[in-house]
Amino acid sequence: MTGGGEALVAKLGDRLAGLRGRITPNAEMDKITWFRAGGMADALFQPADEEDLAAFLKAVPRDIPLMVVGIGSNLLVRDGGIPGFVIRLSAKGFGEARALSDTRIQAGAATPDKRVAAAALEAGIGGFHFYHGIPGAIGGALRMNAGANGVETRERVVEVRALDREGRLHVLSNADMGYAYRHSSVPADFIFTSAVLEGYGQDRETIRAAMDGVQHHRETVQPIREKTGGSTFKNPEGTSAWKEIDKAGCRGLMVGGAQMSPMHCNFMINTGAATGYELEYLGETVRARVLENSGIRLHWEIKRIGDFRPGHEVQEFLGQLL
Ligand SMILES: Cc1cc2nc3c(=O)[nH]c(=O)nc-3n(C[C@H](O)[C@H](O)[C@H](O)COP(=O)(O)OP(=O)(O)OC[C@H]3O[C@@H](n4cnc5c(N)ncnc54)[C@H](O)[C@@H]3O)c2cc1C
């Protein structure tokens, strides 16, 4: 933990006075991430709406670090915690999805992907069934170019509203999002607030069947009820991460309470009380073993954020230079 939350909030004093959102000093990140591990953020800010977020961004001096998170289904928080503010968009101000037309949906960035899939079903808009199986919110989907079942977020994006570090509004086109596999090249400090997404007209029965198929597939091949972050590593060119992990003998591998799932070995799970250190050390052990076994350098898909606890640093590939 960093533990400097009260001092940080006190230091900013009047600057934060007019905000309508909620500020929580020393926020426990293990409560708001799927892994249920990691240290504290100095402070958590949950803006009431886009205007409130813009006011916050203008008020907080540039030398104070800011980081936005969504539902935390793709995050590994390190045990030393996160300096500065973590921003989490409130469901009230950013959590609505509604059909704009026969093919378009507008969704706030805190809307769970599943709710967007449900809104699309209700409006008879096809192309969003894949969101039924992704446990994040739209802001994370826009940042990660989340995808499944052969569809990616980039295929649905029309435009995205975002605020920069100074609180200025940008309306980004699909091309502006700079999409690649599980990546957007929009500057890391941009915060997405909502998006217009486009699918196509489709009958509800077909959509419902596609959503059921997504759910059934997940139940059978992924440890979706565990404390996990989804796919740990991106698929390398020409192969699957899980195949390389399996070949390197890492299925079921454990470090403390962290384990590569025996069910889907590219999913890392917290079996109980794993620390951020154990999870990251396990990940780097897998990378080192895969590198040794097949010469492939796996890249993390999970975002690792925050600081190491002193004395518990983890080196990439455990420091192996092969
Ligand atoms: C069981 C399970 C299954 C999964 N299956 C899939 C899958 O099939 N396909 C897939 O792509 N992913 C999958 N994931 C990973 C994860 O759900 C996605 O990456 C999701 O899009 C992350 O959304 P989130 O709201 O949880 O974001 P977080 O995990 O909270 O954040 C992820 C990243 O997005 C950024 N971010 C979040 N909100 C915003 C915002 N408003 N503006 C700017 N940046 C933002 C964060 O800074 C961070 O860099 C799975 C995860 C789990 C646990």
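Residues numbered from 1 in each chain as written. Predicted model: local features only at pLDDT ≥ 70, side-chain atom pairs only at ≥ 80, totals over all residues. Heavy atoms only, no water.

### Digging into the side chain of His132
Okay, so step 1: Residue position: His132 is located in the loop between β8 (125–126) and α5 (138–144).
Okay, so step 2: You can call His132 buried: its relative accessible area is 13%.
Okay, so step 3: Excluding its chain neighbours within four sequence positions, the residues that come into contact with His132 are Lys114, Ala117, Arg208, Met211, Val214 and Gln215. (Helix = DSSP H or I, 4+ residues; strand = E, 2+ residues; numbered from the N terminus. Buried < 20%, exposed > 50% of the residue type's maximum accessible area, 1.4 Å probe, protein only. Contact = heavy atoms within 4.5 Å.)

### Let's talk about the pattern of salt bridges
Okay, so step 1: For the structure shown, the criterion picks out 20 salt bridges.
Okay, so step 2: Its salt-bridge partner being Glu152, residue Arg182 comes within 3.6 Å of it at the nearest N-O pair. Of the two residues, Arg182 sits in the loop between β13 (179–180) and β14 (183–184) while Glu152 sits in strand β10 (residues 151–152), which places them 30 residues apart along the sequence. Taken as a pair, Arg182 and Glu152 share a single burial class, namely buried.
Okay, so step 3: Several salt bridges share partner residues, and in doing so they unite Arg78, Glu280, Glu284, Arg287, Arg304 and Glu316 into one network. (Salt bridge = Lys/Arg side-chain N within 4 Å of Asp/Glu carboxyl O.)

### Side note on the domain arrangement of the protein
Okay, so step 1: In terms of domains, the protein is made up of domain 1 (5–88), domain 2 (94–211) and domain 3 (225–319).
Okay, so step 2: The interface is formed by 18 residues belonging to domain 1 together with 24 residues belonging to domain 3.
Okay, so step 3: On the domain 1 side of the interface with domain 3, the three residues burying the most area are Phe35, Leu76 and Arg78, jointly 44% of the side's total.
Okay, so step 4: At the junction of domain 1 and domain 3, the tally comes to 1 salt bridge.
Okay, so step 5: Note that Arg78 and Glu280 form a salt bridge whose closest N and O atoms lie 2.8 Å from each other.
Okay, so step 6: Applying the counting criterion to the domain 1 and domain 3 interface returns 12 residue pairs in polar contact (both at pLDDT 80 or more).
Okay, so step 7: Put simply, the parts of the chain that give the side of domain 1 that touches domain 3 at least two residues each are β3 (66–69), β4 (75–77) and β5 (82–88).
Okay, so step 8: Counting residues per element, the side of domain 1 that touches domain 3 draws most heavily on β4, at 3 residues.
Okay, so step 9: In terms of residue class, the side of domain 1 that touches domain 3 is built from 10 nonpolar, 5 polar and 3 charged. (Domains from an automatic or database assignment. Buried area = accessible area lost by both parts, 1.4 Å probe. Polar contact = N/O pair within 3.5 Å; in protein donor to acceptor, adjacent residues only side chain to side chain. Nonpolar A, V, L, I, M, F, W, Y, C, P; charged D, E, K, R; others polar.)

### Section: the nonpolar core
Buried together is how nonpolar side chains tend to be arranged in soluble globular proteins.
Okay, so step 1: With 31 residues, the main nonpolar core has Tyr131, Leu142 and Met177 as its most contacted residues.
Okay, so step 2: Going through the elements one at a time, β7 (104–108), α4 (113–123), α5, β11 (157–163), β15 (191–198) and α6 (204–221) are the ones with two or more residues in this core.
Okay, so step 3: Ranked by residues supplied to this core, first place goes to α4 with 5 residues.
Okay, so step 4: With sequence-adjacent residues up to four places away left out, Leu142 is seen in contact with Thr153, Val157, Val160, Met177, Tyr179, Ser184, Phe192 and Ala195.
Okay, so step 5: Membership of the second largest hydrophobic core comes to 22 residues, among which are Ala37, Leu76, Phe233 and Cys265. (Core = buried A, V, L, I, M, F, W, Y, C linked by side-chain atoms within 4.5 Å.)

### Side note on helix α1 (residues 5–12)
Okay, so step 1: Those residues of α1 lying buried are Gly5, Leu8 and Leu12. All buried residues of α1 fall inside an arc of 65 degrees around its axis, so they share one side. Away from its buried face by more than 90 degrees, α1 exposes Glu6, Ala7, Ala10 and Lys11.
Okay, so step 2: Elements in contact with the buried residues of α1: β1 (22–28), β2 (40–46) and β5.
Okay, so step 3: Positioned one or two residues after α1, Gly13 has a phi angle of 40 degrees, which is positive. (Arc of directions from axis to C-beta.)

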